[in-house]
Amino acid sequence: MERRKALLPVLAAIAGNAFWGFSYLFNRVALAETTPELMLAIRFLISFLLMNVPVLLGRQKLRLKGKKVLPLLALAVAEPVCFYSESYGILYTNATFAGVMVAVAPVFAIALAALILKEYPTRRQIIFSALPIVGVIVMVLAGSSLGVVTPLGVVLMLLDCVVIGFYRLFNRWGSKEFTPFERTYTVLL
C-alpha cells in the first residue's frame, strides 16, 4: 500500500508534464485558426468557470479577507504576460523550440531566487538546470529542419522565461498566506 501511495504523485507529475508538453503543440494548432488574444480569452474563461464549480458546490473556500493581496496581484499580472509572450513566441517560432525554450525557465527562477530571496542552488540543481540550456542550443542549431524560428519569437520566448521566473517567485511569496486554490482562482479571475 505504501509503494502504491508513493507512486501516485510520480504518475501525477508525469501526466501533468505530458499535458504541459503537448500544450505547445495544441497552442500552435490553435494559433493557425485564431489570434493569441482570442485563444487566451477562451482558455482563461473556461478555466475560471471550471474553478467556480468546486466553490459553488462548497468543496473549496476562498478566504481572501484580511490577507495581504500584493502577492496575488503580482501573480495576476505575471500570468497573462507570461501567456501572451509565450503564445506570440510560439506564433513566431515553432512548438518544439518554444517547449525547449521554456525548459530554460527554471534557470531564471533559480537566478531570481538567489538574487532576491538569497536562496542559493545546490550543485545538483545547477547541473540539472544546465541540461535544458544544452537542449535549447541543439534546437537552435537544428532550427532550420524544425520550422521557422524568428528573432522576434526568440526574444518573446526569452521574455516568457523571465516572466515565468518571476511568476514562480511571486507564487512562492503568495504561498505563505494563500492556498494553491486561492492563488489559481485569483490568477484566472
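The structure we're discussing is the one just above.
Reading the values: rules and limits
- Residues numbered from 1 in each chain as written.
- Predicted model: local features only at pLDDT ≥ 70, side-chain atom pairs only at ≥ 80, totals over all residues.
- Heavy atoms only, no water.
- Helix = DSSP H or I, 4+ residues; strand = E, 2+ residues; numbered from the N terminus.
- Buried < 20%, exposed > 50% of the residue type's maximum accessible area, 1.4 Å probe, protein only.
- Contact = heavy atoms within 4.5 Å.
- Core = buried A, V, L, I, M, F, W, Y, C linked by side-chain atoms within 4.5 Å.

J.: Could you clarify how one ought to interpret the overall build of the protein in this entry?
T.: Counting its regular elements, the protein contains nine helices and zero strands. For the protein, the N- to C-terminal ordering of α and β elements is α-α-α-α-α-α-α-α-α. In terms of its C-alpha atoms, the protein occupies a principal-axis envelope of roughly 50 × 45 × 40 Å. When burial is assessed residue by residue, the protein has 32% of its 189 residues classed as buried. Sequence-distant contacts in the protein: of pairs separated by 6 or more residues, those separated by 24 or more amount to 88%.

J.: Looking at this structure, how should I read the nonpolar core?
T.: It is characteristic of soluble globular proteins that their nonpolar side chains tend to be buried jointly. Counting 25 residues, the largest nonpolar core has Tyr-24 and Met-157 as the members making the most contacts within it. Listed by contribution, the elements that provide at least two residues to this core are α1 (2-31), α2 (36-56), α3 (70-91), α4 (95-102), α8 (151-174) and α9 (180-188). Among residues more than four places away in sequence, those in contact with Met-157 are Ser-85, Glu-86, Gly-89, Ile-90, Thr-93, Phe-97, Ala-98, Met-101 and Val-102.

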